[in-house]
Amino acid sequence: MEHKTTLGKSNLRVPRMGVGAMVWGDPKGLARLHPAKTAYGGAHGIEEERRAVEVSIEAGVNLFDTAAMYSMGAAERRLGELTRGKDVIIATKYPSGFSFRVENFPKELEMTLARLGRDSIDLYQHHYPNARILIPELMDRVADAVEAGKVKAVGVSNYSAEQMREAYEALAKRGIPLASNQVEYSLLHRKPEVDGTLDACRELGITLIAYSPLAGGMLTGKYSPQNRPGGFFRRILPQYNRKALEAIQPVIKLLREIGDKYSKTPGQVAIRWLIENPIVLPIPGAKNGKQAADNAEALKFSLTAEEVEMLSHSTMAWRK
Ligand SMILES: NC(=O)c1ccc[n+]([C@@H]2O[C@H](COP(=O)([O-])OP(=O)(O)OC[C@H]3O[C@@H](n4cnc5c(N)ncnc54)[C@H](OP(=O)(O)O)[C@@H]3O)[C@@H](O)[C@H]2O)c1
């Protein structure tokens, strides 16, 4: 089984999955209220984050995803601290705030490099599109950073198929591939299959990085209508309420049945369902070493085409 792949048409060799480090770090002051911390509740402290880095690298999962915005820089700082001197691939995102303008791009880049303590960023992603930002103009700035050796591969996030094409074409004029588009994708969020994103990725040779691949923990099977997840977002958003938890129980049952054949958990099967598509790269979030080690097990088995199809069929209601 090939555990490494190339990120889109870039030169970056990456594992078939990464680790989401959104909830890591020790923010101070107002940053403690940032959604990266409050949505699901933060990670379990620096020693568990260190352990998550170590076990992931040991398992061959050396790609870590963060963003300048997460906890107002605290997540990037922590990832930089924990990975210093290690053979890792760092994917991060800009901007750090909502008032971003294209001309601030070089400053954003320098601030991120300083927080990570690195000379270059492996994958630098525009976090979300914004009507005030002209994509070709932005991509021109990013291309300058690639030429200066400060960015190795270029990505976007939360871009539609049309926006991706715009970025792809602008970068192509400078001879640089658009390597990835990071969007929400899981068995419980199959929108990329119907909104053209997955098709455009396939056509243009772009990797789809799947965020929230465990649907914020729902696909691990540990939550039920009687045992609801904690964290501000998971208490208020409808996709985590009792009704939603009831609706997913048949999916969890199927994940469990398939997983039992391979001695794998529902979460591992849910991550594997994404990995079975060669252009998809999931980045499950881990709060501690055990979760990171569990998730990396998704690299150690395969699903049959029939099992992939059964899971796709059982989640048709989430394909919208
Ligand atoms: N580009 C974007 O706009 C964007 C948006 C969101 C996320 N992301 C990225 O995607 C990454 C992952 O997404 P996500 O954190 O939203 O959702 P996720 O990966 O679907 O779920 C992560 C949560 O599931 C639980 N979990 C993970 N592994 C587990 C295991 N083995 N056993 C039991 N529980 C486990 C943990 O929470 P509990 O233990 O509390 O249940 C963890 O915080 C983020 O870290 C971030 O890098 C990007």
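Fair warning: this is a prediction, and the values are worked out from it, not measured in the lab.

1. Observations concerning the pairing of strand S5 (residues 89-94)
In step 1: In terms of burial, S5 is a largely internal element, 6 of the 6 residues being buried.
In step 2: In S5, alternate side chains face the same way, and those of Ile89, Ala91 and Lys93 on one face and Ile90, Thr92 and Tyr94 on the other are all buried.
In step 3: The pairing of S5 with strand S6 (residues 121-126) spans 4 bridges and is parallel. Bridge assignment links Ala91 to a residue of S6, and that residue is Leu123.
In step 4: As for the winding sense of the linkage, the β-α-β connection from S5 through helix H4 (residues 105-116) to S6 is right-handed.

2. Quick notes on the environment of Gly18
In step 1: By the element assignment, Gly18 lies in the loop between strand S2 (13-15) and strand S3 (19-20).
In step 2: Residues Gly18 and Ala210, spaced 192 residues apart in sequence, show a C-alpha to C-alpha distance of 9.7 Å.
In step 3: Beyond its immediate chain neighbours, meaning those up to four positions away, Gly18 contacts Val61, Leu63, Phe64, Asp65, Ala91, Leu281 and Ile283.

3. Quick look at the environment of Val61
In step 1: Looking at the element boundaries, Val61 is found in the loop between helix H2 (46-58) and strand S4 (63-65).
In step 2: Linking Val61 and Val14, residues 47 residues apart in sequence, is a C-alpha distance of 8.4 Å.
In step 3: Setting aside anything within four residues of it in sequence, one finds Val61 in contact with Pro15, Met17, Gly18, Val19, Ser56 and Ala296.

4. Notes on the site of the ligand
In step 1: Around the ligand sit 29 residues, and of these Gly20, Met22, Leu214, Gly217 and Gly285 come closest.
In step 2: In terms of residue count, the dominant contributor to the shell around the ligand is helix H13 (residues 289-296) (3 residues).
In step 3: Of the residues in the shell around the ligand, the class split is 12 nonpolar, 13 polar and 4 charged.

5. Let's talk about the packing of helix H3 (residues 74-83) against H4
In step 1: It is the contact of H3 with H4, at a shortest axis distance of 7 Å, that shows an interaxial angle of 45°. Looking at the two axes, H3 sits oblique to H4. On H4, the residues that touch Glu76, Arg77, Leu79 and Gly80 of H3 are Thr112, Arg115 and Leu116.
In step 2: Of the residues in the contact of H3 with H4, the class split is 2 nonpolar, 2 polar and 3 charged.

6. Observations regarding the packing of helix H11 (residues 249-262) against helix H12 (residues 266-275)
In step 1: Relative to each other, H11 and H12 sit at 90°, their axes nearing to 8 Å. By the angle class used here, H11 and H12 are roughly perpendicular. Counted together, Ile252, Leu255, Arg256, Ile258 and Gly259 of H11 and Pro266, Gln268, Val269 and Ala270 of H12 form the full contact between these two elements.

Rules of the game
- Residues numbered from 1 in each chain as written.
- Predicted model: local features only at pLDDT ≥ 70, side-chain atom pairs only at ≥ 80, totals over all residues.
- Buried ≥ 20, exposed ≤ 12 C-beta atoms within 10 Å, placed from the backbone.
- Helix = DSSP H or I, 4+ residues; strand = E, 2+ residues; numbered from the N terminus.
- Pairing = 2+ DSSP bridges.
- Right-handed = clockwise from strand over helix to strand, strands pointing away.
- Contact = placed C-beta atoms within 7 Å.
- Near = placed C-beta within 6 Å.
- Nonpolar A, V, L, I, M, F, W, Y, C, P; charged D, E, K, R; others polar.
- Axes fitted to C-alpha atoms, helices over the stretch in contact; angles between N-to-C directions.
- Parallel < 35°, antiparallel > 145°, perpendicular 65-115°, else oblique.

Read these as geometric descriptors, not functional statements.
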